[in-house]
Amino acid sequence: MVNIHDVSHLKALDRMKTRFVTNISHELRTPVTTLKLYAALMQQTPPATWVKYVDSLAQETDWLAQLVEDILEIAHIDAGRLELKLRPTPLNELGEMTIINHRTLARSRGLTLEHQPTEPGPVALVDPERMIQALSNLVGNAIQYMPEGGTVVVSTDEQEADDRVWATTTVADTGMGIPEEELPHIFDRFFRGVEPRSMQISGTGLGLAVVKEIVELHGGRVTVESQVGEGTAFTVWLPLAD
């Protein structure tokens, strides 16, 4: 008797696990090394000079905390422990709340946030808290990668695709744009484009992956259109509430 088992999916999972652990280790190394460096400098200098290190320490700590939160979010999704409390929700309200939550940060960077809701506006069956999280990641990314003077627009609509009508929210910016060859990879975990890395713009590389996972758990999808030097538009497609 011969038993044949297809273990290719197990090998694929093992490769994914190895890559995930390797990426996490790499991403954690930089902020931890920086924190150790500043701690050593503060040990070697008088307290009166510590003030010049505080901002850098706070920035690295915030970045590390965000990385840990994103990793935990991905882990919860992979384990099937992300609970959704679905209810009919006006997307105009979620867009407005996202704008309000990011207005102070945008102003501090010399950017403009605009809300362009369609009226009366689409109503989708979503978990409001999780969907605000997804939209916040998109708006936060736009702010992170946009030079002073730029604009982020959050708009809503109802659009037809695949023989059905969807509730949509689009986050469009006037930032640096994404090269065509990078577009297929932007939702990959830990992926970061060449330009942000060369400009040393901080980021976890997990924000868009979290957006994609959350939206797909709602039965929706995320699409992107971008042109280098002109900006990027992410559109979240969600099932309309009955």
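You'll find the structure just up there.
Residues numbered from 1 in each chain as written. Predicted model: local features only at pLDDT ≥ 70, side-chain atom pairs only at ≥ 80, totals over all residues. Heavy atoms only, no water.

What follows concerns the pattern of salt bridges. What the rule picks out here adds up to two salt bridges. Of the charged contacts, one joins Asp162 and Arg221 as a salt bridge, the two residues approaching to 3.9 Å between their closest N and O atoms. With Asp162 in the loop between β4 (151–161) and β5 (164–173) and Arg221 in strand β6 (residues 221–227), this residue pair connects regions lying 59 residues apart in the sequence. In this structure Asp162 comes out as exposed when scored by relative accessible area, which is 60%. In this structure Arg221 comes out as partly exposed when scored by relative accessible area, which is 28%. Its salt-bridge partner being Glu216, residue Lys212 comes within 3.0 Å of it at the nearest N-O pair. On the criterion of helical spacing, the pair formed by Lys212 and Glu216 is a turn pair, its members being four residues apart in helix α6 (residues 207–217). (Salt bridge = Lys/Arg side-chain N within 4 Å of Asp/Glu carboxyl O. Helix = DSSP H or I, 4+ residues; strand = E, 2+ residues; numbered from the N terminus. Buried < 20%, exposed > 50% of the residue type's maximum accessible area, 1.4 Å probe, protein only.)

Glancing now at the side chain of Thr168. Considering the arrangement of structural elements, one finds Thr168 in strand β5. Reaching out from Thr168, the side chain makes a polar contact with the side chain of Gln159 at a distance of 3.2 Å. Not counting chain neighbours up to four residues away, the residues in contact with Thr168 comprise Leu91, Pro122, Ser155, Thr156, Asp157, Glu158, Gln159, Thr235, Val236 and Trp237. (Polar contact = N/O pair within 3.5 Å; in protein donor to acceptor, adjacent residues only side chain to side chain. Contact = heavy atoms within 4.5 Å.)

Looking at where Arg192 falls in the secondary structure, it is placed in the loop between β5 and α5 (194–198). In sequence terms Arg192 and Leu206 are 14 residues apart; their C-alpha atoms lie 9.0 Å from each other.

Glancing now at helix α3 (residues 91–108). Helix length check: α3 (18 residues) gives 26 Å between terminal C-alpha atoms against 26 Å at 1.5 Å per residue, within 8%. Along α3, the sharpest change in direction is near 45° and occurs at His102. Residues of α3 that are buried include every one of Leu91, Asn92, Leu94, Gly95, Thr98, Ile99, His102 and Ala106, and no others. Positioned one or two residues after α3, Gly110 has a phi angle of 70°, which is positive. (Expected span 1.5 Å × (residues − 1). Bend = angle between axes of the 7 residues up to and from the residue.)

Quick look at the pairing of strand β3 (residues 123–126) now. Alternating residues of β3 divide into Ala124 and Val126, all buried, and Val123 and Leu125, none buried. The pairing of strand β1 (residues 87–90) with β3 spans four bridges and is antiparallel. Residue Thr89 lies in a different strand from β3, and its bridge partner there is Ala124. (Pairing = 2+ DSSP bridges.)

Turning our eyes to something else, we now look at the sheet that holds strand β7 (residues 231–239). The strand order β2-β4-β5-β7-β6 describes an open sheet built from five strands, whose pairing is mixed. Two strands lie at the open edges of the sheet, namely β2 (112–116) and β6, each paired on one side alone. Taken over all neighbouring pairs, the strand axes of this sheet differ in orientation by 20° on average, direction set aside. Each of β2, β4, β5 and β7 touches α3; the most contacted strand, β2, lies at about 170° to it. (Axes fitted to C-alpha atoms, helices over the stretch in contact; angles between N-to-C directions.)

Function-wise, these values are silent; they only describe arrangement.
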